[in-house]
Amino acid sequence: MPTVLDPDLRRALAERVRYCHEMGIYDFYRRERPVSDSVPVASAVAEIDDLSPPLQELREEMPAKKSTVAAKPANESSLPILTPHPEQAVTDPVAALKLIREDLGDCTRCKLHKQGRKQIVFGVGNPRAELMFVGEGPGADEDTQGEPFVGRAGQLLNNMIKAMGIRREDVYIANVVKCRPPGNRTPERDETETCSPFLMRQIAVVKPKVVVALGAVAAKNLLAMNASMSELRGRFYDFVPAGARSSDPSWQGTKLAVTYHPAFLLRDPRQKGEAWKDLQMVMKFLGLEPPKKSE
Ligand code: URA
């Protein structure tokens, strides 16, 4: 039997789903209920204690009368209820990142899983890092070792981190896509759109003070902006990862900066000075001093 939905409610939900997609939220969990336990949609939504802003708005937007929408059998009434991600229930970032990794599983959500990837390259580093670097996607070395930025570009990134007076273990490093694109091609839109919600969740857990986007792919995906590197660099952006609660005070003051990808700097070392300027801007914000010559 087809589901008959109240038209106002249907419209509100459709608008909300569209809005969530624009925000980079793609995962909607269906809450299955036994027939006897089915409840009106509005009250099912209201049960979610800790709603992210779009969900709170959804609840607010739902006209009061909709709470009387007739309950339907479970197989019909199980509308997509927007459920918080599992890691939002834990405070320990180590446990939270583990939950995201588990959710990712042996991911087959996009075509990269069948294009020669050896393994998923999730992320590495300090789960409480003040500084997070985001690259594009794993290369051959990363695919082999299961860790981001371990190849030549990774060596340069390590040197950049060292020049900032910190260690690789102090920061958190991840990529927009977690599987190696074949031949190191740029990840395609469907791939970044499928994978970036996991990156957003990693950022939401680590809650760094600064996110540094390495290169245009990371910058454009994180900022949802299509601009050139020269337009994107040289300034801080206020950053709230899609899906995080913008009302959460711990997000206030979180910055995003854009710099050149280390692989680009290997190809054009003349731009290292410009990248260093970007990093100095970040260092100033974080109160970091470059190491003394003897260190
Ligand atoms: N380039 C990236 O963007 N990420 C890596 O992990 C390695 C190289």
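Structure: see above.
Computed from a predicted structure; not experimentally measured.

A. Examining the nonpolar core more closely. Formed by 63 residues in total, the largest nonpolar core has its most connected members in Leu131, Phe133, Leu222, Leu256 and Val258. When residues of this core are assigned to their parent elements, the largest contribution, seven residues, is made by helix H8 (residues 189–206). In this structure, Val258 is in contact with Ala213, Ala219, Leu223, Met229, Leu232, Arg233, Gly234, Tyr237 and Asp278, ignoring residues within four places of it in sequence.

B. Structural context of the pattern of salt bridges. Counted under the stated rule, the structure contains 21 salt bridges. Here Arg167 ties to Asp170 by a salt bridge, and the two come within 2.8 Å at their closest N and O atoms. Judged by relative accessible area, which is 25%, Asp170 ranks as partly exposed. A salt bridge links Lys255 to Asp238; the shortest N-O distance between them is 2.5 Å. Of this pair, Lys255 sits in strand E8 (residues 255–259) while Asp238 sits in strand E7 (residues 237–238), and the two are 17 residues apart along the sequence. Several salt bridges converge on common partners, so that one network encompasses Lys111, Arg185, Glu188, Asp190 and Glu191.

C. Quick look at the pairing of strand E5 (residues 172–175). Burial along E5 is two-sided: Tyr172 and Ala174 facing one way and Ile173 and Asn175 facing the other are all buried. For strand E3 (residues 124–125) and E5, the ladder comprises two bridges, and the chain directions are antiparallel. Looking across to E5, one finds that Gly125 is bridged to Tyr172. Two elements, strand E4 (residues 131–135) and E5, share four bridges in a ladder whose sense is parallel. Bridged to Gly135 within E5 is Asn175.

D. Structural context of the packing of aromatic side chains. A complete count under the given rule lists two aromatic pairs for this structure. With 5.2 Å between their ring centres and 50° between their planes, Phe236 and Phe285 make a pair best called tilted. With a gap of 49 residues between them, Phe236 in the loop between helix H10 (229–232) and E7 and Phe285 in helix H12 (residues 272–286) connect regions that are remote in the sequence. When the ring of Tyr260 is compared with that of Phe264, the centres are 4.9 Å apart and the planes differ by 35°; the resulting orientation is tilted. Here Tyr260 falls in the buried class, since its relative accessible area comes to 12%.

E. Structural context of the packing of helix H5 (residues 93–104) against H8. Where H5 meets H8, the axes come as close as 9 Å, and the angle between the chain directions of the two elements is 170°. The pairing of H5 with H8 is recorded here as roughly antiparallel in orientation. Contacts between H5 and H8 involve Pro93, Ala96, Leu97, Ile100, Asp103 and Leu104 from the first element and Phe198, Arg201, Gln202, Val205 and Val206 from the second. Taken together, the residues of the contact of H5 with H8 sort by class into eight nonpolar, one polar and two charged.

Criteria and cut-off values
- Residues numbered from 1 in each chain as written.
- Predicted model: local features only at pLDDT ≥ 70, side-chain atom pairs only at ≥ 80, totals over all residues.
- Heavy atoms only, no water.
- Core = buried A, V, L, I, M, F, W, Y, C linked by side-chain atoms within 4.5 Å.
- Buried < 20%, exposed > 50% of the residue type's maximum accessible area, 1.4 Å probe, protein only.
- Helix = DSSP H or I, 4+ residues; strand = E, 2+ residues; numbered from the N terminus.
- Contact = heavy atoms within 4.5 Å.
- Salt bridge = Lys/Arg side-chain N within 4 Å of Asp/Glu carboxyl O.
- Pairing = 2+ DSSP bridges.
- Phe/Tyr/Trp six-rings, centres within 6.5 Å; stacked < 30°, edge-to-face > 60°.
- Axes fitted to C-alpha atoms, helices over the stretch in contact; angles between N-to-C directions.
- Parallel < 35°, antiparallel > 145°, perpendicular 65-115°, else oblique.
- Nonpolar A, V, L, I, M, F, W, Y, C, P; charged D, E, K, R; others polar.

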